[in-house]
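# Working through the structure, step by step
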Amino acid sequence: MDLALTVRNTFVQHFHGEPVVVRSPGRINLIGEHTDYNDGLVLPAAIDKAVYVAVHKNNSNLVRLVSQEYNDQVEVGLTELVPSSSKPWTNYILGVVNQFQKRNFTVTGFNLVIGGDVPLGAGLSSSAAVECATAYALNEIFSFGLSRLELVKLAQLAEHEFAGVKCGIMDQFASVFGKPNHVIKLDCRSLEYVYVPFDLSGYKIVLFDSRVKHSLALTAYNKRREECESGVQLIQRQYPDVKSLRDVTLSQVEECIKPVDLTIFKRCAYVVEEISRVEQACEALNSNDLDTFGKLMFQTHEGLSQAYEVSCAELDFLINEAKKFPAVIGARMMGGGFGGCTINLIAGAEMKRATDLVTLSYQNQFTVTPGVYQVTPSAGTAVIV
Ligand code: ADP
Ligand code: MG
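All values derive from a computational prediction rather than experimental measurement.

## Some remarks on the pattern of salt bridges
- Throughout the structure, instances matching the rule amount to 19 salt bridges.
- One salt bridge connects R27 with D171, and the closest N-O pair in it is separated by 2.7 Å. Of the two residues, R27 sits in strand β1 (residues 20-29) while D171 sits in helix α5 (residues 170-177), which places them 144 residues apart along the sequence.
- With a relative accessible area of 16%, D171 lands in the buried category.
- Ionic pairing is found between K266 and E309, a salt bridge with its closest N-O pair at 3.3 Å. Remark: E309 occurs in the loop between α9 (290-307) and α10 (313-323) and K266 occurs in helix α8 (residues 262-286); sequence separation between them is 43 residues.
- On the accessibility criterion, E309 (34% relative accessible area) is partly exposed.
- Members of the salt-bridge network, linked through shared partners, are K223, R224, E227, K266, R267 and E309.

Laid out in structure tokens, this is it:
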């Protein structure tokens with residue numbers, strides 16, 4: 001059944017009354033990985049998998065939450081909001097309430113049912129979808145009047161403070177600003193953005209979920225951020241105006257970093273190249289050249305695996321297997337690395353055969369069945385009932 005309707009019906013069964021139902025999608029990122037914290041460019045899209053919240057005021061001082069996913073319900077007072085370790089799913093909702101309160105908006109009691117079909121913890125940002133759905137719905141029922149961009153920033157802070165994840169702004173931005181058949185070229189420094197038409201013309205976007213998350217992920221992420229900062233400092237000795245790797249050319253990286261530290265050189269060269277790949281990818285889309293776009297995705301994977309060193313055996317395997325099919329015109333790991341999904345552009349007619357065979361070889365190699373999700377760029381957060 002239609003997911004929005006299921007969530008609405010669950011609401012009516014539990015709470016009675018007519019709720020507002022808000023849909024907020026998960027997201028993919030086509031290209032531009034590890035560029036966000038370097039003031040760079042990213043190219044995300046909202047997808048046709050989403051979180052739905054049904055919400056209505058309840059004339060009390062209590063928040064009552066029901067999760068379809070966890071078959072669970074929780075009641076909390078509005079004056080006692082703190083992150084919960086026993087029911088982590090509530091943090092993505094209550095963290096948003098907390099952010100409204102911090103901005104001196106009066107949130108009174110409400111009932112909320114949550115459900116959806118964004119795979120959890122797979123790197124499609126179900127967490128951002130929950131936050132954005134909640135923020136949008138509360139803004140609506142309490143008429144707070146915040147803009148979409150303000151809601152994005154509020155949702156991001158909810159993730160920082162209640163989920164304890166210091167994420168960039170891309171996930172929430174893509175969820176809220178998504179547009180069907182378009183990707184969003186987002187400048188992570190200025191937050192300026194343009195929609196770039198993404199005409200898939202017979203190709204499909206397929207994600208393979210490795211179903212692994214190696215414990216190295218967080219330490220490596222922090223280490224890469226430090227390495228990029230060290231690189232910037234080395235360049236600043238000769239070019240004091242440089243603020244981040246966004247401001248830097250490849251020849252500056254070679255001139256200032258290569259003679260000093262080869263590891264930092266490799267990391268920074270990857271980032272500078274990746275930022276320019278986002279520009280090239282947008283040019284390719286604007287001239288309807290998906291082949292070039294796909295090649296850039298392969299190059300990104302190569303860079304993430306060899307130079308930035310944030311891939312892992314499972315992700316490299318998924319890419320190498322996919323590459324064996326001429327129908328796969330582009331593929332790369334997506335997200336921070338050391339697990340999560342790969343994103344693949346596959347000719348529609350060959351999609352089933354390619355995904356079946358990649359699935360089989362992954363099973364044989366790792367005795368794990370990968371998740372397979374086909375997704376389409378879709379609309380951002382909206383009220384739908
Ligand atoms: P990702 O954002 O990559 O999907 P995270 O670990 O950041 O992974 O967020 C996943 C968490 O978000 C889940 O463990 C759960 O707490 C919460 N969440 C996501 N979707 C839902 C949902 N439909 N209902 C309740 N909680 C959800
Ligand atoms: Mg998340």
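## Observations regarding the domain arrangement of the chain
- Structurally, the chain comprises domain 1 (3-199 + 379-383) and domain 2 (203-375).
- A separation of 27 Å is found between the C-alpha centroids of domain 1 and domain 2.
- Each partner contributes residues to the interface: domain 1 has 31 residues there, and domain 2 has 44 residues.
- The tally of links between domain 1 and domain 2 comes to 4 salt bridges.
- Measuring nitrogen to oxygen at the nearest pair gives 2.5 Å for the salt bridge that ties R189 to D247.
- Between the two partners, domain 1 and domain 2, sit 16 residue pairs in polar contact (both at pLDDT 80 or more).
- Looking at the side of domain 1 that touches domain 2, the elements that each hand over two or more residues are β1, β2 (41-42), β3 (44-57), β7 (182-187) and β8 (193-197).
- A class-by-class count of the residues in the side of domain 1 that touches domain 2 yields 15 nonpolar, 7 polar and 9 charged.

## Considering the nonpolar core
- Grouped together as the largest cluster of nonpolar side chains are 96 residues, with contacts concentrated most on I28, L43, F100, F110, F198 and F293.
- Broken down by element, the residue count for this core peaks at 13 residues, all from α8.
- If you count residues domain by domain, this core takes at least three from each of domain 1 (3-199 + 379-383) and domain 2 (203-375).
- The contact partners of F100, leaving out residues within four places of it in the chain, are F105, V107, A135, L138, N139, F144, L146, L151 and L154.
- V212, I319, F325 and V328 belong to the second-largest nonpolar core, a separate cluster that totals 18 residues.

## Some thoughts on the site of ligand 1
- In the vicinity of ligand 1, 16 residues are found, and the nearest of them are G121, G123, S125, S126 and S127.
- Contact distances for ligand 1 include 3.3 Å between an oxygen atom and a side-chain N or O atom of Y70.
- Note that an oxygen atom of ligand 1 is positioned 3.0 Å from one of the side-chain N or O atoms of S127.
- When ligand 1 is considered free in solution it has 570 Å² of accessible area, and contact with the protein chains removes 82% of it.
- Per-element accounting of the shell around ligand 1 gives the leading share, 3 residues, to helix α3 (residues 126-141).
- Its residues assigned to classes, the shell around ligand 1 comprises 9 nonpolar, 6 polar and 1 charged.

## Remarks on α8
- In a regular helix each residue adds 1.5 Å, so 25 residues correspond to 36 Å; α8 covers 36 Å between its end C-alpha atoms and thus fits that length.
- Two or three places before T263, at the opening of α8, D261 has a side-chain oxygen 3.0 Å from that residue's backbone nitrogen.

## Comments concerning the sheet that holds β1
- One open sheet accounts for 6 strands, arranged β5-β4-β6-β3-β1-β13; its pairing is mixed. The sheet is open, and its two borders are formed by β5 (72-77) and β13 (382-383), each paired with just one other strand.
- The pairing of β3 with strand β6 (residues 110-116) spans 7 bridges and is classified as antiparallel. Across the sheet, A54 pairs through a bridge with V113, a residue of β6.
- Strands β1, β3, β6 and β13 of the sheet are contacted by α3, whose axis makes an angle of about 45 degrees with β3.
- Of the strands in this sheet, β1 and β3 are in contact with α5, which crosses β1 at around 125 degrees.

Rules used throughout
- Residues numbered from 1 in each chain as written.
- Chains lettered and ligands numbered in written order.
- Predicted model: local features only at pLDDT ≥ 70, side-chain atom pairs only at ≥ 80, totals over all residues.
- Heavy atoms only, no water.
- Salt bridge = Lys/Arg side-chain N within 4 Å of Asp/Glu carboxyl O.
- Helix = DSSP H or I, 4+ residues; strand = E, 2+ residues; numbered from the N terminus.
- Buried < 20%, exposed > 50% of the residue type's maximum accessible area, 1.4 Å probe, protein only.
- Domains from an automatic or database assignment.
- Contact = heavy atoms within 4.5 Å.
- Polar contact = N/O pair within 3.5 Å; in protein donor to acceptor, adjacent residues only side chain to side chain.
- Nonpolar A, V, L, I, M, F, W, Y, C, P; charged D, E, K, R; others polar.
- Core = buried A, V, L, I, M, F, W, Y, C linked by side-chain atoms within 4.5 Å.
- Near = heavy atom within 4 Å.
- Areas by Shrake-Rupley, 256 points an atom, 1.4 Å probe, with all protein chains shown as cover.
- Expected span 1.5 Å × (residues − 1).
- Pairing = 2+ DSSP bridges.
- Axes fitted to C-alpha atoms, helices over the stretch in contact; angles between N-to-C directions.

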